[in-house]
Amino acid sequence: MKKRTLTALLAVALTLCSVSGCGNGGAASDGQSDSLAEDNSQIVENVEGQETGLQENTGKVEFWNDKLASTEQSDLDKLAESASTASGVNVEFISYTDVASMRTAVEQSIHSPDAPGLFTWWSGVDLKTLADAGVVEDLTNVWEEYIIPNGVPENVTDSLTFDGKIYAAPYSIIYSSIVYNKDLFDQYGLKEPETFEEFENVCQTLVDNGITPLGVDAGNGLWGFKWFQCLIAAYDPQLYLDLCANQVKYTDERVVEVMDKWKEMYDKGFFSIPLDQTDLHKAEASGEIAMQEMADYEAINLCDNFGGGNYGTFVMPPVHPDTKKTVFFEIAPICVSKNSADKGSAIEVLKTWYGENNQRVFNEVTNFSCSSNVESDNSCAKEMVEFAVDSENYNLMLRYYENAGNVNIRDVAIDQLLKFELGDASVLEILNTIQAKADEVLGEGYAN
């Protein structure tokens, strides 16, 4: 075996959202319950390199995760039995209640045969760090032969792909859109808006009748980006992508224009004060607030646990009529440890994980599904999936939290956007602050 050096900079902002369980105690991300911590640790390892070929199927694999800690043991047993029966591999779920503990455990074992065969991680820069370090398996062939044919959308692979290779499979794919109170819309003769002008008219009608149109999710200070990403993409989807890729400055005149529009909408009373998710759901169920931007599993939570209201969903309409609407998604990856003694077994599990029978059990246990072969019983969640797979009429884009190209810039941006939502800073103040951080990290001429 030849010796090789794996030098990995794990500078990962642990302000990450692990999806909180909706339904039967499942968990994933966005509202993914927000277990968070900051850990910009640097790990430099010199290790014995292992051969890159698949290892023998040992017949067993541990699946480390931060998603299932609150799941009832009977449901966990049901999922383990389903995955084991489908794959012929004895699957054992090892669930961590604390994100930092799991991250530490993975980082300490990832270079050794003791690494978990399967483990959940985070997309975007977090996954790229592991891919660059050479410690997670290339799953491109598994996608082509076993994942895409089982109804998993191919267009989500960009968020898991680096240098042309796909380094993870989806634990959950979560879509989001605007969920509205149909009874309020019916009461005031409103319809789902198809243009941005119609959207503003809907909001103005609600304000005129004493209803706050749009709920703002405080999300423990994390979700200031929700309406920001919606408005940027409604103005210009490419601008959103360029901003995330650090090809456009936050002080760009187009970004300022969008922020000025957002401020104008605030001044008109279109937005609530930031509220936690439970209070937002209560407000929408009671008719105090008409609409929220939310993830599909939160739509299920709203419908099932807050008055059984009559809800519908639509995607933020574009400012320019010839522009596609944008659906945002987040994806919680499953990785295979390249050095794990159980790597071969892990691959066998992934080959059958997306089969219809196993995905049905997974959906029953967690309320999540990755495959279009398994439909949600919730009309809002089902419609969000339909939006996402309709590439003719909708863009599908990774949400800002994972898509932002640098975690240090992203974290400053989220903090500043929340200040804006609280009325504690002006448009130019927050954009200048974010831009100052970007200039510090990337150099002042980075987007000239």
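Everything below is about the structure shown above.
As the structure is a prediction and not an experimental result, all values here were calculated from the model. (Residues numbered from 1 in each chain as written. Predicted model: local features only at pLDDT ≥ 70, side-chain atom pairs only at ≥ 80, totals over all residues. Heavy atoms only, no water.)

A. Region of the structure containing the nonpolar core. Ranked by internal contacts, the top residues of the largest apolar core, which has 78 residues, are Phe93, Leu118, Phe119, Tyr175, Leu350, Trp353 and Tyr354. Sort the elements by how many residues they give to this core and strand S13 (residues 325-336) lands first, with seven residues. If sequence neighbours within four positions are ignored, Phe119 has contacts with Phe63, Trp64, Met102, Val106, Ile110, Leu130, Val136, Pro333, Ile334, Cys335, Val336 and Ser337. With 60 residues, the next largest nonpolar core counts Leu214, Cys230, Met291 and Ala438 among its residues. (Core = buried A, V, L, I, M, F, W, Y, C linked by side-chain atoms within 4.5 Å. Buried < 20%, exposed > 50% of the residue type's maximum accessible area, 1.4 Å probe, protein only. Helix = DSSP H or I, 4+ residues; strand = E, 2+ residues; numbered from the N terminus. Contact = heavy atoms within 4.5 Å.)

B. Expanded view of the pairing of strand S12 (residues 311-314). Of the two faces of S12, the one holding Tyr311 and Thr313 and the one holding Gly312 and Phe314 are both buried throughout. Bridge analysis of strand S8 (residues 169-181) against S12 gives four bridges, and the strand direction is antiparallel. When the bridges of S12 are listed, Val179 appears paired with Thr313. (Pairing = 2+ DSSP bridges.)

C. Structural context of the side chain of Ser337. Its place among the elements puts Ser337 in the loop between S13 and helix H12 (343-353). Judged by its relative accessible area of 0%, Ser337 is buried. Those residues in contact with Ser337, other than ones at most four positions away along the chain, are Ile110, Ala115, Pro116, Gly117, Phe119, Val135 and Lys343.

D. Fine view of the packing of aromatic side chains. Taken as a whole and assessed by the stated rule, the structure comprises 25 aromatic pairs. Relative to Phe420, the ring of Trp262 lies with its centre 4.7 Å away and its plane at 55°, an arrangement referred to as tilted. On the criterion of sequence distance, the pair formed by Trp262 in helix H9 (residues 253-267) and Phe420 in helix H16 (residues 407-422) is long-range, its members being 158 residues apart. Take Trp262: its relative accessible area is 0%, and that puts it in the buried class. Residue Phe420 is classed as buried on the basis of its relative accessible area, which comes to 4%. (Phe/Tyr/Trp six-rings, centres within 6.5 Å; stacked < 30°, edge-to-face > 60°.)

E. Here's a closer look at the side chain of Lys325. Looking at where Lys325 falls in the secondary structure, it is placed in strand S13. Here Glu194 takes part through its side chain, which lies 3.1 Å from a polar atom of the side chain of Lys325. Non-local contacts of Lys325, meaning those with residues more than four positions away in its chain, are made with Pro193, Glu194, Val315, Met316, Pro317, Pro318, Asn393, Tyr394 and Asn395. (Polar contact = N/O pair within 3.5 Å; in protein donor to acceptor, adjacent residues only side chain to side chain.)

F. Examining the packing of helix H11 (residues 296-305) against helix H14 (residues 379-389) more closely. As a packed pair, H11 and H14 sit with axes 8 Å apart at the nearest point and diverge in direction by 160°. As summarised for this structure, H11 and H14 are arranged roughly antiparallel, according to the angle between their axes. Our pair here, H11 against H14, has a crossing hand that is right-handed. Residues Asp296, Ala299 and Ile300 of H11 pack against Cys380, Ala381 and Met384 of H14. A breakdown of the residues in the contact of H11 with H14 according to their chemical character gives five nonpolar, no polar and one charged. (Axes fitted to C-alpha atoms, helices over the stretch in contact; angles between N-to-C directions. Parallel < 35°, antiparallel > 145°, perpendicular 65-115°, else oblique. Left-handed = near helix turned anticlockwise from the far one by under 90°. Nonpolar A, V, L, I, M, F, W, Y, C, P; charged D, E, K, R; others polar.)

G. Here's a closer look at H11. Taken across its 10 residues, H11 has eight buried, putting it largely inside the fold. Buried residues of H11: Asp296, Tyr297, Glu298, Ala299, Ile300, Asn301, Leu302 and Cys303, and no others. Buried positions along H11 lie against S8, helix H10 (277-286), strand S11 (289-295), S12 and H14. A positive phi of about 85° marks Gly307, the residue just after H11.

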